[in-house]
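# Observations on the model geometry
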Amino acid sequence: MAYSPATISDPRTRADARTLADDLLAFLNASPVNAFAVAEMEHTLREVGFTELSEARPFELRHGLPYYVKRHDTALIAFVVGDLSPAEAGFRIVGAHTDSPGFKIKPNPERVSQGLVHLGVEVYGGPLIATWTDRDLGLAGRVFLLGEDGRVETRLYRSSHGLLSLPNLAIHQNREANDGGLKLNPQTELRVVLGSVSDGLPEEGALRWLLAQALDVDTERILDYDLFLYDTQAPSYSGVSQEFIHSGRLDDLAMCHAAVTALAETAAANSSWTRVVACFDAEEVGSRTPQGAQSWFLPSVLERIGASLGDDREGHYRALAQSSLVSADNAHGIHPGYPGKAEPDHAPVLNGGPVIKSHAGGAYATDGYGAALFERAAKRVSVPVQRFVNRSDVRSGGTIGSMVATQLGILAVDVGNPQYAMHSVREMAGTWDHWYMTRTLQSFMTR
Ligand code: ZN
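Everything numeric in this text was worked out from a predicted model, so none of it was measured. (Residues numbered from 1 in each chain as written. Predicted model: local features only at pLDDT ≥ 70, side-chain atom pairs only at ≥ 80, totals over all residues. Heavy atoms only, no water.)

On to the domain arrangement of the protein. For the protein, the domain assignment lists domain 1 (11-100 + 248-446) and domain 2 (102-231). Centre-to-centre, using C-alpha coordinates, domain 1 lies 31 Å away from domain 2. At the junction of the two partners, domain 1 supplies 22 residues and domain 2 supplies 19 residues. Taking both sides of the interface into account, the surface hidden between domain 1 and domain 2 amounts to around 1500 Å²; carbon and sulfur atoms contribute 61%. For the pair domain 1 and domain 2, the number of links is one salt bridge. Asp73 serves as the salt-bridge partner of Arg142, at 3.2 Å between the closest nitrogen and oxygen. With three residues, helix H2 (residues 34-47) is the single largest residue contributor to the side of domain 1 that touches domain 2. (Domains from an automatic or database assignment. Contact = heavy atoms within 4.5 Å. Buried area = accessible area lost by both parts, 1.4 Å probe. Salt bridge = Lys/Arg side-chain N within 4 Å of Asp/Glu carboxyl O. Helix = DSSP H or I, 4+ residues; strand = E, 2+ residues; numbered from the N terminus.)

What follows is the structure, given as structure tokens:
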């Protein structure tokens, strides 16, 4: 089966799609790492009336009202309580992940040589390492301070400009770079330049000195940090009709944005079931953290929603038996330079619509019934759907779908928008696909 890019011909729809893509680009720009993405999603949800819950306090919920709960600042679950209790009508859930592959600053990062202070980083997940060289890199994440009252205080930090660099070795000193591919040893060659001692950077404790200045606190108050590199170049469009978007972290912040937008825009709509969006952390490192998809975060929140509305344990199991999950994580589009890397009959194109991912070995949660639910949702809003399977002679990637579906025992489908350069510092996807996916997720949750 050959796919082709679809064009949104209706001018009003096209304008709507472009506005949505602009909003996605602004979201990506404001979200250099996952804690910022969660803060942005929280802002969107609050603007349309979602109320924050704390996991440490009782859930006191009312039918028809919207809520959200965060875990450790990097994962978020938002939901609109249905008109019936979960035991009577179940949950419709969309899942995605907030983290992206990259580089995390080591706890004792500084070293000085040649008059430069440079930082050591650990590889987070599976980035295309070479794409991070010769970029204007920034630093972003969370800094943990000793509060005035003795508590640990969390502050979000983002450098205001390009701060760091990972310069390449010249071709004259690495003649094999274009033949064997650019390879960097993660222990010895990933030294990120922070600045020069001659320009006033202290030789010891340079990072804490810099953070203290940026956050306007005493250095002694900085207890610890979770900081990552990011590319400071703003997201942008390309193509004759600006039909492509370029940004870091499209995998999987584009799906977080689609899911949260779909839920926020329809917060006031009625449904008998409870609509849920779960954005997990740690997918790129196996999901085994307290805020990852293998944790108890989503199962406990779902059970507590039911309990708050009078469902008992029996009711919770009845709820799960009527529930379904769309796991949204981006897919690979067929690449013009490497068409042979795609399975020829299941080779999605950019701007051809959302992709349903299947794997007979269970790497994806999709089965025929789950796929049918997604196709029905897409059909209701006239969105084209594409199919993906891996070439039969390559190993499949995996995502949160099968973990969540197995844990909860619910029907599921793995989907995502097609993109190029997955895990590059700057990925590429289709402008119109974002609209297609958002409308389909909305249709899945509300119709
Ligand atoms: Zn992903």
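All right, on to the coordination of the zinc ion then. Listed as protein donors to the zinc ion are His97 (NE2), Asp251 (OD), Asp329 (OD) and Asp329 (OD); their distances from the metal cover 2.0 to 2.7 Å. Viewed at the metal, the four donor atoms of the zinc ion are separated by angles of 53 to 143 degrees, and the geometry they form is irregular. One chain supplies every donor to the zinc ion, and in sequence these donors are spaced H-x153-D-x77-D. On the criterion of sequence distance, the pair formed by Asp251 in helix H6 (residues 250-265) and Asp329 in the loop between strand E14 (324-328) and strand E15 (331-332) is long-range, its members being 78 residues apart. We note that Asp251, like Asp329, is buried. (Donors = N, O, S within 2.8 Å, 3.2 Å for Na, K, Ca; no water. Tetrahedral: all angles 85-135°; square planar, octahedral: opposite > 155°, others 65-115°. Buried < 20%, exposed > 50% of the residue type's maximum accessible area, 1.4 Å probe, protein only.)

Our next topic: unusual backbone geometry. Most peptide bonds take the trans form, and the phi angle of most residues other than glycine is negative. The omega angle of the peptide bond from Asp251 to Asp252 is 10 degrees, so this bond is cis rather than trans. Structurally, Asp252 is set in helix H6. One non-glycine residue, Gln114, lies in the positive phi region at around 50 degrees. Assignment of secondary structure puts Gln114 in the loop between strand E5 (102-113) and strand E6 (116-124).

Turning next to the sheet that holds E15. Each strand in a sheet pairs with its neighbour through backbone hydrogen bonds, running either in the same direction (parallel) or in the opposite one (antiparallel). Across the sheet, which stays open at both edges, the five strands sit in the order E11-E12-E20-E19-E15 with mixed pairing between neighbours. Each edge of the open sheet is held by one strand with a lone partner, namely strand E11 (236-238) and E15. Sheet topology note: the strand E12 (residues 244-247)/strand E20 (residues 427-430) ladder contains four bridges and is antiparallel. Looking across to E20, one finds that Phe244 is bridged to Gly430. Relative to the sheet, H6 contacts E12, strand E19 (418-420) and E20, its axis offset from that of E20 by approximately 40 degrees. (Pairing = 2+ DSSP bridges. Axes fitted to C-alpha atoms, helices over the stretch in contact; angles between N-to-C directions.)

Empty pockets left among the atoms are what a rolling probe the size of a water molecule brings to light. Quantified by volume, the largest pocket comes out at close to 1200 Å³. His332, Lys341, Phe388, Ala421 and Met422 are, among the 38 residues lining the largest pocket, the residues nearest its centre. Every element with two or more residues in the lining of the largest pocket is listed here: E15 and E19. Taken together, the residues of the lining of the largest pocket sort by class into 14 nonpolar, 15 polar and nine charged. Built from parts of two domains, the lining of the largest pocket gets at least three residues from each of domain 1 (11-100 + 248-446) and domain 2 (102-231). Estimated volume of the second largest pocket: approximately 480 Å³. Considering the residues around the second largest pocket, the lining is formed by 33 residues, among which Asn34, Asp99, Ser100, Tyr124 and Phe228 are closest to the centre. (1 Å grid on protein atoms, 1.4 Å probe; cavity = no way out; pocket = protein on both sides within 12 Å on 5 of 7 lines; lining within 4 Å. Points joined across faces, edges and corners; volume = space filled by probe spheres on them. Nonpolar A, V, L, I, M, F, W, Y, C, P; charged D, E, K, R; others polar.)

If you walk through the whole model with that rule in mind, you get two cavities of 30 Å³ or more. Considering only enclosed or pocket space, the largest cavity measures out at about 70 Å³ in volume. Asn29, Arg158, Tyr230, Asp231, Thr232, Gln233, Pro235, Ser247, Gly248, Arg249, Val425 and Arg426 together form the lining of the largest cavity. Its residues placed into classes, the lining of the largest cavity shows three nonpolar, five polar and four charged. Contributing to the lining of the second largest cavity are Ile245, Ala254, Asn330, Asn417, Ala429, Gly430 and His434.

Core analysis: the biggest nonpolar cluster contains 45 residues, and Val94 and Leu441 have the highest contact counts within it. No other element matches H6, which puts eleven residues into this core. Contact partners of Leu441, with chain neighbours within four places excluded, come to Val94, Ala258, Ala259, Ala262, Val326 and Phe374. (Core = buried A, V, L, I, M, F, W, Y, C linked by side-chain atoms within 4.5 Å.)

This next bit is on the packing of helix H9 (residues 368-380) against helix H11 (residues 431-446). As a packed pair, H9 and H11 sit with axes 8 Å apart at the nearest point and diverge in direction by 110 degrees. With respect to each other, H9 and H11 are oriented roughly perpendicular. Viewed along their axes, H9 and H11 form a crossing whose handedness is right-handed. Of the residues in H11, those touching H9 at Phe374, Ala377, Ala378 and Arg380 are Met437, Thr440, Leu441, Ser443 and Phe444. (Parallel < 35°, antiparallel > 145°, perpendicular 65-115°, else oblique. Left-handed = near helix turned anticlockwise from the far one by under 90°.)

Before going further, it helps to examine the sheet that holds strand E18 (residues 411-416). Pairing is mixed in the open sheet, where nine strands are placed in the order E1-E2-E3-E13-E4-E14-E18-E16-E17. Whereas interior strands pair on both sides, the edge strands pair on one side only; in this sheet they are strand E1 (51-53) and strand E17 (386-388). Each adjacent strand pair in this sheet contributes to an overall mean axis angle of 25 degrees, direction not counted. Pairing of E14 with E18 involves five bridges; the strand directions are parallel. Bridge pairing in E18 links Val326 to Val413. Where H6 meets the sheet, its contacts fall on strand E3 (75-80), strand E4 (91-97), strand E13 (274-280), E14 and E18, and the angle it forms with E4 comes to roughly 150 degrees. This element, helix H10 (residues 400-408), spans E4, E13, E14 and E18 of the sheet and lies at about 160 degrees to E14.

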